[in-house]
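This is what each chain is made of:
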Amino acid sequence: MAAVAAEDAELDVDGLRREAETLRSRLEEERRKSNDVQLRDVASKLEQVPPLQMKVRRVLKGHQGKVLDMDWSIDKRRLVSSSQDGKVIVWDAFANKQERVLSMPTTWIMSCAFAPSGDIIACGGLDNKCTVFPIDKDLENPERKKRTIAMHTSYMSCCRFVKSGYQILTCSGDCTCALWDVDSSQLMQSFHGHISDVLCLDISPVHCRTFLSGSSDKTASLWDIRTGRCVHSFDGHDGDINGVKFFPTGESFVTASDDGTCRLYDLRADREVALYTKDCMIFAATCVDISKSGRLMFAGYNDYTVNVWDVLKCVRVGRIYAHDNKVTCLQRSPDGTAVCSGSWDTTLKLWA
Amino acid sequence: MMDRGNTQMERIVMHMQEEQDGVPIRTVKSFMTKIPSVFTGSDLVNWIVKKLDVEDQAEAVHLGSLMSAHGYFFPISDHVLMLKDDGTFYRFQENLAKLQRMFARKWEFIFMQAEAQANDLSRVDKKRDKVERKILDSQERAFWDVHRPVVGRCFDDVCEQFGDYEPFLSPPEPSNPWITDDSSLWEQDKMGENREIPSRRVRKWSLSFDELLTDLAGREQFLKFLEKEFSAENLRFWLACDELYAVPLKDVESAVQEIYSEFLAPGCPSPINVDSKCQAIANKNMEKPNRYTFDACMEHIYNLMKSDSYRRFIRSQQYKDLIQTKKKSGAGSDKQWSLVPAALGGRNLVAKLPSLPNRNMDGEVLGELSSSGNQWSLRNKQPSTSAASSSSDGL
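Residues take numbers from 1 onward in each chain, read along the sequence in its written order. Here chains are named by letter from A upward and ligands by number from 1 upward, in the order in which they appear as written. Local features in this predicted model are restricted to residues of pLDDT 70 or higher, and side-chain atom pairs are both shown and tallied only at a pLDDT of 80 or more, whereas totals for entire chains, interfaces and linings draw on every residue. Side-chain metrics rest on all non-hydrogen atoms present in the structure, leaving aside hydrogens and water.

Some words on the overall build of chain B
No. 1: Going along the chain from the N terminus, every DSSP run of H or I of four or more residues is numbered as a helix, and every run of E of two or more is numbered as a strand. When helices and strands are counted, chain B shows 18 helices and four strands.
No. 2: A burial count over chain B gives 45% of its 395 residues as buried.
No. 3: Two residues qualify as a contact provided that any one of their heavy atoms is within 4.5 Å of a heavy atom in the partner residue. Residue pairs at least 24 apart in sequence account for 56% of intrachain contacts in chain B once pairs closer than 6 positions are excluded.
No. 4: Each accessible area value is a Shrake-Rupley result obtained with a 1.4 Å probe; residue values ignore everything except the protein chains displayed when judging cover. For chain B, the accessible area works out to roughly 21,700 Å², and carbon and sulfur atoms hold 54% of it. A 1.4 Å probe rolled over the protein chains alone gives each residue an accessible area, and that area as a share of the maximum for its type sets the label: buried under 20%, exposed over 50%, partly exposed in between.

See the structure below:
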């Protein structure tokens, strides 16, 4: 009985799969027909970006293991980083000093975040949790005051504070994202829709009402924070989406993927509008960020480099041999004056 | 997070081993022996430079070294897996690709079996829903395709507007702290109320309403301006609602009550300028107060301020006085604006603003374009289909 049902189900699945494929190719055809003037063509009348002279300005050494994530403080000079070695370090990057070193009971802290209020940090990873620590200057033992905020059923890949210090968004290998209240550790909203691990998220810079997620199901989704609804889903990538970032105006975003490419998607046009790649770029893009004006895009890759792209002209304008191992995280400072990159080579470097 | 660079790498390695088009592989005679099937480092580097669009020799060496580290080829007389751009001999690892493929397939097979065993029937339903959703999505998309804006133009305009404020292209004033080790740029913000605000920062407020609102000094100045016009309650309401997102959950309800009694309740001290519809929504939401209670009113007030008070502020004497605080070139206010670097095509940023009189407005009037763009997005987009269109500037 079960065998027959299983067979029917399988035939059904195949039929549905074929139908989905036909729809997909029809959609692509329609998109191409009504295709706009290419971004590249519009940008052709713009001046070229002058050659960038980005140099390493600070090297932050202190982690004993691979650096997995970092987040800037809104004061533009401090940042927090987390590592495979189980340590979370708060740095005054400008002074190249370690302000705090927090030890977690588990290794592989895949994400860390700095609250806008500047007094707490969040972190988590393979422990499936998100933990917050207060980091006021006078506090003796922050580890004692830590609290578990979020619980997932698989690893937590990314956590970010929503505007204030009072809500955290997390995404996880359990295919969901979730919104948590920091004070009460309550689950405020959960976001279902991805069919595989969710690897990254970014909150809209314009208001706190929407956020993006990138997943190993090769799609990026835009969510309404309040209702939990997936507003729109964007496909196009041929590999896991490791990084996602809003454009400064909040009307478009860029993604970095295992397929070695970065792509620009527009929310209003509902589609991909630019592709950033070269034939020789075959290593996964792991992280991405946009400069303050939106003209430049920085992406970190598994070939140990950071590439700088002209967002409009879709050409590479800089290549930094940044690290001695894979680049895992990258973020420009809040005022756009520097870019920080973290790597498996255990260091973080600041570029300007 | 499997690195799919492997398949692309394999493709390149296959290409490298092709008879006609690949890296020249030969047997080298040396003393009494023959070294079969080798190629030199420089041959490989030259091949990469020719066939893949690398920028320079260094990039080719870097890429080749990484491929070597993955095991696709190796130096025949050394154990260090690195590529050198010279006469060193290397050989391709024949079986690696085959082995990797074999194991990859095995894993896929195991996975499929496990999936079949789990036999989750609900998956079928999910897929069916997905198909239906795709149909609906495609119909919706087709509808918006008719009404969508010109994508390319919008990016273009945004980047140009903000190009002058791109720290990596035009150094900030007084300097980029990371480069000069001087943190005065950040100290500026911490100074008291009577500090002098740099003209460049003031100019930024004219680029968009959001730029004014996100700058603390901008908010202060805007509030001062509105107080003179006796319409400050709108901004105070908006700022109070914005603060709600930063309030701990336990304090939200009381904060919401405060806002309501100050700005919305009948007979309140600072009634704000909302229509009856927004008032009704707010009244209803007060039954279950939360952070989002005043969203509709906030949006209404935001658009009101943007289309009315903001424009008048940018045209006001107060704003002009702020801009004139530091005369750069000394020859008069006209000259100030030509400091746009040539890198941006030498275009006059100010030519794009509709509100400043006595200027030659050659070139597009960008200000008009973006605001009409926003009006488009309010008029034609149904609120239920896109949360992103709600209150963001139509740039």
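Structural notes on the environment of serine 221 of chain A
Residue and element names in this part refer to chain A.
No. 1: Take serine 221: it is sitting in strand β16 (residues 220-224).
No. 2: Sequence separation between serine 221 and lysine 145 is 76 residues, and the spatial gap between their C-alpha atoms is 35 Å.
No. 3: Excluding residues that lie within four positions of it along the chain, serine 221 makes contacts with His194, Phe211, Leu212, Ser213, Cys230, His232 and Ser233.

Points about the pattern of salt bridges
Any two side chains of opposite charge can pair if their charged atoms end up close together.
No. 1: Salt bridges are defined as contacts in which a side-chain nitrogen from Lys or Arg sits within 4 Å of a carboxyl oxygen from Asp or Glu. Taken as a whole and judged by the stated rule, the model has 28 salt bridges over all chains.
No. 2: For aspartate 92 of chain A, the salt bridge goes to arginine 77 of chain A, with nearest N and O atoms at 3.1 Å. Highlighted residues: aspartate 92 of chain A in strand β4 (residues 87-92) and arginine 77 of chain A in the loop between β2 (67-72) and β3 (78-83), separated in sequence by 15 residues.
No. 3: By relative accessible area, which is 8% here, aspartate 92 of chain A ends up buried.
No. 4: Salt-bridge contacts for glutamate 262 of chain B lead to arginine 236 of chain B; the nearest nitrogen and oxygen are separated by 3.9 Å. Of this pair, glutamate 262 of chain B sits in helix α13 (residues 249-264) while arginine 236 of chain B is found in helix α12 (residues 232-244), placing the two residues 26 residues apart along the sequence.
No. 5: Judged by relative accessible area, which is 26%, glutamate 262 of chain B ranks as partly exposed.

Let's talk about the UniProt feature "repeat: WD" (unreviewed entry) in chain A
Residue and element names in this part refer to chain A.
No. 1: UniProt positions are given in the numbering used here, feature names are shortened, and annotations may be inferred rather than shown by experiment. The UniProt record annotates "repeat: WD" (unreviewed entry) at residues 60-101, 149-190, 191-233, 234-275 and 320-352.
No. 2: When the span residues 191-233 is considered, its composition is 0% helix and 51% strand, and the gap between its end C-alpha atoms is 13 Å.
No. 3: Taken end to end, residues 320-352 is 0% helix and 48% strand, and its two terminal C-alpha atoms sit 11 Å from one another.

Brief notes about the packing of aromatic side chains
No. 1: Aromatic pairing here means that ring centres of Phe, Tyr or Trp (its six-membered ring) are within 6.5 Å. Orientation follows from the plane angle: under 30 degrees is stacked, over 60 is edge-to-face, and everything else is tilted. By the definition in use, this model includes 27 aromatic pairs over all chains.
No. 2: Their ring planes at 45 degrees and their centres at 5.2 Å tell us that phenylalanine 209 of chain B and tyrosine 302 of chain B sit as a pair that is tilted. Note that phenylalanine 209 of chain B is positioned in helix α10 (residues 209-214) and tyrosine 302 of chain B in helix α15 (residues 295-315), a separation of 93 residues in sequence.
No. 3: Taken together through their ring pairs, the aromatic side chains of Trp205, Phe209, Phe222, Phe225, Trp238, Tyr302, Tyr310, Phe313 and Tyr319 of chain B make up a single cluster.
No. 4: For a Lys NZ or an Arg CZ to count as sitting over a ring, it must be within 6 Å of the ring centre and within 35 degrees of the ring normal. The cationic tip of lysine 66 of chain A hangs over the ring face of tryptophan 344 of chain A; the distance from NZ or CZ to the ring centre is 3.9 Å.

Here we look at the packing of helix α14 (residues 276-285) of chain B against α15 of chain B
All names here are of chain B.
No. 1: Whenever a helix is involved, its axis is fitted only over the stretch in contact; in every case the axis is a line through C-alpha atoms, and angles between N-to-C directions fall within 0 to 180 degrees. The interhelical angle for the contact between α14 and α15, taken along N-to-C directions, is 150 degrees, at an axis separation of 8 Å. With respect to α15, the element α14 is oriented roughly antiparallel. Every residue of α15 that contacts α14 at Cys278, Ile281 and Ala282 is listed here: Ala296, Cys297 and His300.
No. 2: Each residue is assigned to one class: nonpolar for Ala, Val, Leu, Ile, Met, Phe, Trp, Tyr, Cys and Pro, charged for Asp, Glu, Lys and Arg, and polar for all the others, Gly among them. A per-class count over the contact of α14 with α15 returns five nonpolar, one polar and no charged. Here roughly perpendicular refers to angles of 65 to 115 degrees, roughly parallel to angles under 35, roughly antiparallel to angles over 145, and oblique to all remaining angles.

Digging into the sheet that holds strand β12 (residues 177-181) of chain A
Residues and elements named next belong to chain A.
No. 1: The pairing criterion for strands is at least two bridges between them, as found by DSSP. Ordered by their spatial adjacency, four strands build an open sheet running β10-β11-β12-β13, and the pairing between neighbours is antiparallel. The two strands at the open ends of the sheet, each matched to only one other strand, are β10 (156-161) and β13 (187-191). Across the sheet, the mean angle separating the axes of adjacent strands is 20 degrees when strand polarity is ignored.
No. 2: Relative to β12, strand β11 (residues 167-172) is paired through five bridges, and the arrangement is antiparallel. Looking at the pairing, glutamine 167 lines up with aspartate 181 of β12.

Some thoughts on the environment of glutamine 189 of chain A
All names here are of chain A.
No. 1: Assignment of secondary structure puts glutamine 189 in strand β13.
No. 2: Using a relative accessible area of 19% as the deciding quantity, one classes glutamine 189 as buried.
No. 3: Linking glutamine 189 and isoleucine 225, residues 36 residues apart in sequence, is a C-alpha distance of 7.4 Å.
No. 4: Contacts of glutamine 189, omitting those with residues within four sequence positions, involve Cys177, Ala178, Leu179, Ile225, Arg226, Thr227 and Gly228.
No. 5: In protein, a polar contact means a hydrogen-donor-capable atom and an acceptor-capable atom, both N or O and within 3.5 Å, with residues adjacent in sequence counting only if both atoms are side-chain atoms; elsewhere, any N or O pair within 3.5 Å suffices. A distance of 2.8 Å separates the side chain of glutamine 189 from the backbone oxygen of arginine 226, its partner in a polar contact.

A short note on the confidence of the model for chain B
As a note on interpretation, predicted positions should not be read in detail where pLDDT is low.
Residue and element names in this part refer to chain B.
No. 1: Scored by pLDDT, chain B has a mean of 72; 63% of the residues are at 70 or more.
No. 2: Looking at any residue, its pLDDT shows the predictor's confidence there, from 0 to 100. Here helix α18 (residues 366-380) is the element of chain B with the lowest mean pLDDT, 29, and helix α7 (residues 177-180) is the one with the highest, 94.
No. 3: The low-confidence segment residues 143-149 (pLDDT under 50) makes 16 contacts with residues lying over four places distant or belonging to another chain.
No. 4: Note on residues 327-395: pLDDT under 50 across the span, and 127 contacts to partners over four residues away in sequence or across chains.
No. 5: Per the prediction output, this complex has pTM 0.75; the corresponding ipTM is 0.85.

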